[in-house]
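# Commentary on secondary and tertiary structure
Now for the letters of each chain:
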Amino acid sequence: MRSLWAIYRREMQHYFVSPIAYVVGGVFLGVAGFFFNGILNFMMQQALRMGFQAAQMGGAPNLDVPGMVVQNFFAVLGSLTLFMVPMLTMGVYAEEKKRGTIELLMTSPIRDWSIVMGKFFATLTIFAMLLVQTLAYQAFLFHYSDPAPSLKILLAGYAGVLLLAAALISLGEFLSSLTENQIVAAVLTFGVFLILWVLDLGAQSTSGGIGALLKQLSLVRRYNDFTLGVIDLASMIYFLSFAAFMVFLTLRSLDSMRWRRA
């Protein structure tokens, strides 16, 4: 655990002394805020329109604006995660290889498991720190909306984003371990993420056994359950298993690198 903590601290320091975390964080929060404002304005216009129509018919509108804002916002956060994670993971191993510092890690008394997990938890922590700042948008809803958004939807949504990010970060770091070029790692990771996204679209348009299989394998589909306030144990196990498998592949990648250098 001591070596894992050393790698974790090293990676966290690297993120804060490089412009990557600040640029990615600024873009992430700026785009998230833009979409939150757009979703809120759209839902308010819909509520006013439905209220006007209901008043003409002598009834009352039945539209949960805060709940719909939160659900759509988490859907946007999931899409943003697909775009932002490649920028966080592209240099985790690729930059180490380019600078030659990976050799120092490989020849140190630190086990590969500590290296992989330390880097993984550091990247996940950076993402979580960005995610926490979006709570300001939810605080705005809680303060000005009546009724306030459901805590169940908020907890499920943030749990879903973290699980999705953990799975994508583990995949991105595995792909980063395969090359020494950060741009190649970013493009490769983004391409694989797009395939996962298209996989979900294919699952929706395909019927039969293949469609059912694609739905079971789709990260995006399983994340959608969390945006609706549903904390599904099977989906949680799937995300954690996916992340564990990618970590295992990263370990094997480092192991093969060690054998090639021997």
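Now for a description of the structure that goes with this document. Since the model is a prediction, treat every value here as computed from it, not as a measurement. (Residues numbered from 1 in each chain as written. Predicted model: local features only at pLDDT ≥ 70, side-chain atom pairs only at ≥ 80, totals over all residues. Heavy atoms only, no water.)

## A look at the packing of helix 3 (residues 65-89) against helix 6 (residues 112-133)
Quick reminder of the rule: Orientation is described by axes fitted as lines to C-alpha atoms, over the contacting stretch for helices, and by angles from 0 to 180 degrees between their N-to-C directions. The way it works is that DSSP assigns letters per residue, a run of H or I at least four long becomes a helix, a run of E at least two long becomes a strand, and they are numbered from the N terminus. Any angle that falls under 35 degrees is termed roughly parallel, while one over 145 is termed roughly antiparallel, one within 65 to 115 roughly perpendicular, and all others oblique. Crossings are assigned a handedness: left-handed for a near helix turned anticlockwise from the far helix by less than a right angle, right-handed for a clockwise turn. In what follows, a contact means two residues having at least one pair of non-hydrogen atoms within 4.5 Å. Residues are grouped as follows: Ala, Val, Leu, Ile, Met, Phe, Trp, Tyr, Cys and Pro are nonpolar; Asp, Glu, Lys and Arg are charged; every other residue, Gly included, is polar.
At a minimum axis separation of 11 Å, helix 3 and helix 6 run at an interaxial angle of 140°. In this view, helix 3 runs oblique relative to helix 6, as classed from their interaxial angle. Pair helix 3 / helix 6 crosses with right-handed handedness. On helix 6, the residues touching Leu-77, Thr-81, Leu-88 and Thr-89 of helix 3 are Thr-123, Ile-126, Phe-127 and Leu-131. Along the lines of polarity and charge, the residues of the contact of helix 3 with helix 6 split into five nonpolar, three polar and no charged.

## Some details on the side chain of Lys-97
We count it as follows: Working definition: with a 1.4 Å probe on protein chains only, accessible area under 20% of the residue-type maximum means buried, over 50% means exposed, and in between means partly exposed. His is not counted, nor are the chain ends; Lys and Arg add positive charge and Asp and Glu add negative charge. We count a salt bridge whenever a side-chain nitrogen from Lys or Arg sits within 4 Å of a carboxyl oxygen from Asp or Glu.
The residue Lys-97 is located in helix 4 (residues 94-99) in this model. Despite its burial, Lys-97 remains without a salt bridge, the nearest opposite charge being carried by Glu-180 at 6.8 Å. The residues contacting Lys-97, other than those within four sequence positions of it, are Ile-102, Ser-177, Leu-178, Thr-179, Glu-180 and Met-257.

## Some details on the nonpolar core
This is how the line gets drawn: Put simply, buried Ala, Val, Leu, Ile, Met, Phe, Trp, Tyr and Cys residues joined by side-chain atoms within 4.5 Å make one nonpolar core.
Counting residues in each nonpolar core, the largest one holds 71 residues, and the members touching the most others are Phe-28, Leu-77 and Leu-219. Apart from residues lying up to four places away in sequence, Phe-28 is in contact with Leu-77, Leu-80, Met-84, Phe-127, Leu-130, Leu-131 and Thr-134.

## Here we look at empty space enclosed by the protein
Our working definition: As defined here, a cavity is a set of points on a 1 Å grid over the protein atoms alone where a 1.4 Å probe fits but cannot get out. A pocket is an open set with protein on both sides within 12 Å along at least five of seven lines, and residues line them when an atom is within 4 Å of a point. Grid points are joined across faces, edges and corners, and a volume is the space filled by probe spheres set on the points.
The tally for this structure, following the rule as stated, stands at one cavity of 30 Å³ or more. The computed volume of the largest cavity comes to approximately 60 Å³. Residue lining of the largest cavity: Glu-11, His-14, Tyr-15, Ile-20, Met-87, Leu-88, Met-90, Gly-91, Val-92, Glu-95 and Gln-182, and that is the complete set. Sorting the residues of the lining of the largest cavity by element identifies helix 1 (2-17) and helix 3 as the ones contributing at least two each. Per element, the largest residue contribution to the lining of the largest cavity is three residues, and it comes from helix 1. In terms of residue class, the lining of the largest cavity is made up of six nonpolar, three polar and two charged.

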